[in-house]
Amino acid sequence: MRGRRVRHLLLRGARVVDPARGTDEVRDLRVLDGVLLGAEPRGAPPAEVVEAGGLVAAPAFLDPHVHFREPGDGRSETVASGLAAAERGGYRAVFAMANTDPVNDRPGITAAMLRSAAASGSPVALHVVTAATLGLAGREVVDLAAQKSAGAAAVSDDGKPVLEDAVMEEVLLRAAALGLPVFSHCETPSLHPGGVAHDGPAARRLGLPGIPGESEARMVRRDILLAERTGAPVHVCHLSTAAAVEAVREAKARGVPVTAEAAPHHLALSDEDLLRTLPDGSPDAHFKMNPPLRALADRDAVVGALLDGTVDCVATDHAPHHASRKRECGFVKASFGVIGLENAFAVLHDRLVATGRVPLPVLLERMGAGAARVARLPVPTLAPGAPAEVVLLDLRGEFPLEAARFASLSRNCPFDGERVRGRVAGLLLRDRLLPGTGGQ
Ligand SMILES: [Zn+2]
């Protein structure tokens, strides 16, 4: 079992930010047997007092989009190591995608993942995502009802788009009938065979085959049309371009049931970061992900979308890969993806909140309540009577991000070695108190 058990806790004097209630005030939080209380209970054992003056307390985070590599590649990440990374990052729940090996397209795999989560002893909830189509091949829709019975909580072929309109329509309708959200990876691969980086000046300078922004926007528009026609909701994964942001914003204004997420790397970096090459002048595979880092104007559009709610939530797209599939094999051959669970809050606080671009309560909303709405889970709050799921944040200094110290088994972090303003100082999940990144 990880963390320390606390039966009766008084968290004294934190700045308590509760986006679900629109409150932001310095006050105490009292917890008894894993539940937040409004007043001191009679007959309870004496409270353990934690002095939290100077810290921020907020509802713990939820990540609708992570990749753990179990089954298939326990060297890069297991369910247990992924949940440990989530604890350090301040998360109470994560959604694990289906592009494992074998693909999670049948109940036995969903059940095995849930067993691994239970065996890990982590208090973080694992929500399992079933593939939308068998083998992520885009042809035959998975038995979603059977997957739901086995415990699956969402549907996605993430890593690949569902190319055929008729198949995607069937996925949306069947998932809607079961009450499962669909997370759509929007990409038009025929536009960029062999593409590895955003089609722009940086890729051209480095001689890298490009991935145009239109690849994403075209499929986002297709999904919006399907959602509009069927009335079945769709959630767009890792929004990365100004054109796709505009499509989602316009669709939402018309009442189309579409939601969207953005990843920390797309909110904090751009394709210009590709020019921060390795010592030998070659591009760094830790900046290779799909969708790729886009132009500065795209990044600013995604930040604007986070601010105005066009982007409902932050999703890390935590994609661990062993070094042999990243820096060791060079940029072009490297796998797509970067890790994010243990650095998401710190990076976003540093780049967006500390710079005055996004108010802290908005970022906390997008990492908690917004993500819960997308995932159709109860919206987290720090109101009395709610489960005590609280992240403690220290925003008072600069802290080093050291991937070598992460709980994740992988090190493919584009922010490794940076000093950032803000960190997760701790996590309370019901009756368990856990350290955050940097320890406590
Ligand atoms: Zn994806």
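Residues numbered from 1 in each chain as written. Predicted model: local features only at pLDDT ≥ 70, side-chain atom pairs only at ≥ 80, totals over all residues. Heavy atoms only, no water.

## Considerations on the packing of aromatic side chains
- The full count for this structure, using the stated rule, is three aromatic pairs.
- An angle of 25° between the planes, with centres 5.8 Å apart, marks the rings of Phe-61 and Phe-345 as stacked. With Phe-61 in strand S7 (residues 61-66) and Phe-345 in helix H10 (residues 344-353), the pair connects residues that are 284 residues apart, well separated along the chain.
- Taking the relative accessible area as the measure of exposure, Phe-61 reaches 0% and is therefore buried.
- The exposure class assigned to Phe-345 is buried, which follows from its relative accessible area of 2%.
- When the centroid spacing of 5.9 Å and the interplanar angle of 65° are considered together, the rings of Phe-95 and Phe-183 count as edge-to-face. One end of the pair, Phe-95, is in strand S8 (residues 91-96); the other, Phe-183, is in strand S11 (residues 183-184), with 88 residues separating them in the sequence.
- Each residue in the set Phe-61, Tyr-91 and Phe-345 is aromatic and connected to the rest through ring pairs, giving one cluster.
- Against the face of Phe-336 rests Lys-288, its NZ or CZ located 4.6 Å from the ring centre.
- Lying across the ring of Phe-399, Arg-423 places its NZ or CZ 5.2 Å from the centre. (Phe/Tyr/Trp six-rings, centres within 6.5 Å; stacked < 30°, edge-to-face > 60°. Helix = DSSP H or I, 4+ residues; strand = E, 2+ residues; numbered from the N terminus. Buried < 20%, exposed > 50% of the residue type's maximum accessible area, 1.4 Å probe, protein only. Lys NZ or Arg CZ within 6 Å of the ring centre and 35° of its normal.)

## Things to note about the pattern of salt bridges
- Throughout the structure, instances matching the rule amount to 38 salt bridges.
- Salt-bridge contacts for Arg-249 lead to Asp-308; the nearest nitrogen and oxygen are separated by 2.9 Å. A residue pair is termed long-range when its members are at least 10 positions apart, and Arg-249 in helix H7 (residues 242-253) and Asp-308 in helix H9 (residues 296-308) qualify at 59 residues.
- With a relative accessible area of 45%, Asp-308 lands in the partly exposed category.
- Put simply, Asp-300 and Arg-299 hold a salt bridge, and the shortest N to O gap is 3.4 Å.
- Take Arg-299: its relative accessible area is 18%, and that puts it in the buried class.
- A single salt-bridge network, built from bridges that share partners, covers Asp-273, Arg-276, Asp-350, Arg-351, Glu-418 and Arg-421. (Salt bridge = Lys/Arg side-chain N within 4 Å of Asp/Glu carboxyl O.)

## Observations regarding the packing of helix H1 (residues 79-89) against helix H2 (residues 107-120)
- Axis separation between H1 and H2 bottoms out at 9 Å; the angle between their running directions is 60°. When the interaxial angle is binned, H1 and H2 end up oblique. Judged by the twist between their axes, the crossing of H1 over H2 is right-handed. Residue-level inspection shows Val-79, Ala-80 and Leu-83 of H1 in contact with H2, the latter providing Met-113, Ser-116, Ala-117 and Ser-120.
- For the contact of H1 with H2, the per-class residue count stands at five nonpolar, two polar and no charged. (Axes fitted to C-alpha atoms, helices over the stretch in contact; angles between N-to-C directions. Parallel < 35°, antiparallel > 145°, perpendicular 65-115°, else oblique. Left-handed = near helix turned anticlockwise from the far one by under 90°. Contact = heavy atoms within 4.5 Å. Nonpolar A, V, L, I, M, F, W, Y, C, P; charged D, E, K, R; others polar.)

## Regarding the sheet that holds strand S15 (residues 258-262)
- An order of S11-S14-S15-S16 is seen for the four strands of this open sheet, with the pairing classed as parallel. Pairing within the sheet leaves two strands with one partner each, and these edge strands are S11 and strand S16 (313-314). (Pairing = 2+ DSSP bridges.)

## Thoughts on the domain arrangement of the chain
- Taken domain by domain, the chain comprises domain 1 (4-56 + 386-435) and domain 2 (60-374).
- Taken together, the contacts link 34 residues of domain 1 with 48 residues of domain 2.
- Taken together, the two surfaces of domain 1 and domain 2 that pack against each other cover about 3400 Å², and 63% of this comes from carbon and sulfur.
- For the domain 1 face of the interface with domain 2, the top three residues by lost area are Asn-412, Phe-415 and Arg-421, together amounting to 21%.
- Counting across the interface, domain 1 meets domain 2 through four salt bridges.
- Ionic pairing is found between Arg-276 and Glu-418, a salt bridge with its closest N-O pair at 3.6 Å.
- On inspection of domain 1 and its partner domain 2, the count reaches 17 residue pairs in polar contact (both at pLDDT 80 or more).
- Mapped onto the side of domain 1 that touches domain 2, the elements with two or more residues apiece are strand S2 (8-18), strand S17 (389-400), strand S18 (419-429) and strand S19 (432-435).
- Counting residues per element, the side of domain 1 that touches domain 2 draws most heavily on S18, which supplies seven residues. (Domains from an automatic or database assignment. Buried area = accessible area lost by both parts, 1.4 Å probe. Polar contact = N/O pair within 3.5 Å; in protein donor to acceptor, adjacent residues only side chain to side chain.)

## Overview of the side chain of Glu-418
- Assignment of secondary structure puts Glu-418 in the loop between S17 and S18.
- You can call Glu-418 buried: its relative accessible area is 17%.
- Contact partners of Glu-418, with chain neighbours within four places excluded, come to Arg-276, Arg-351, Phe-399, Pro-400 and Leu-401.

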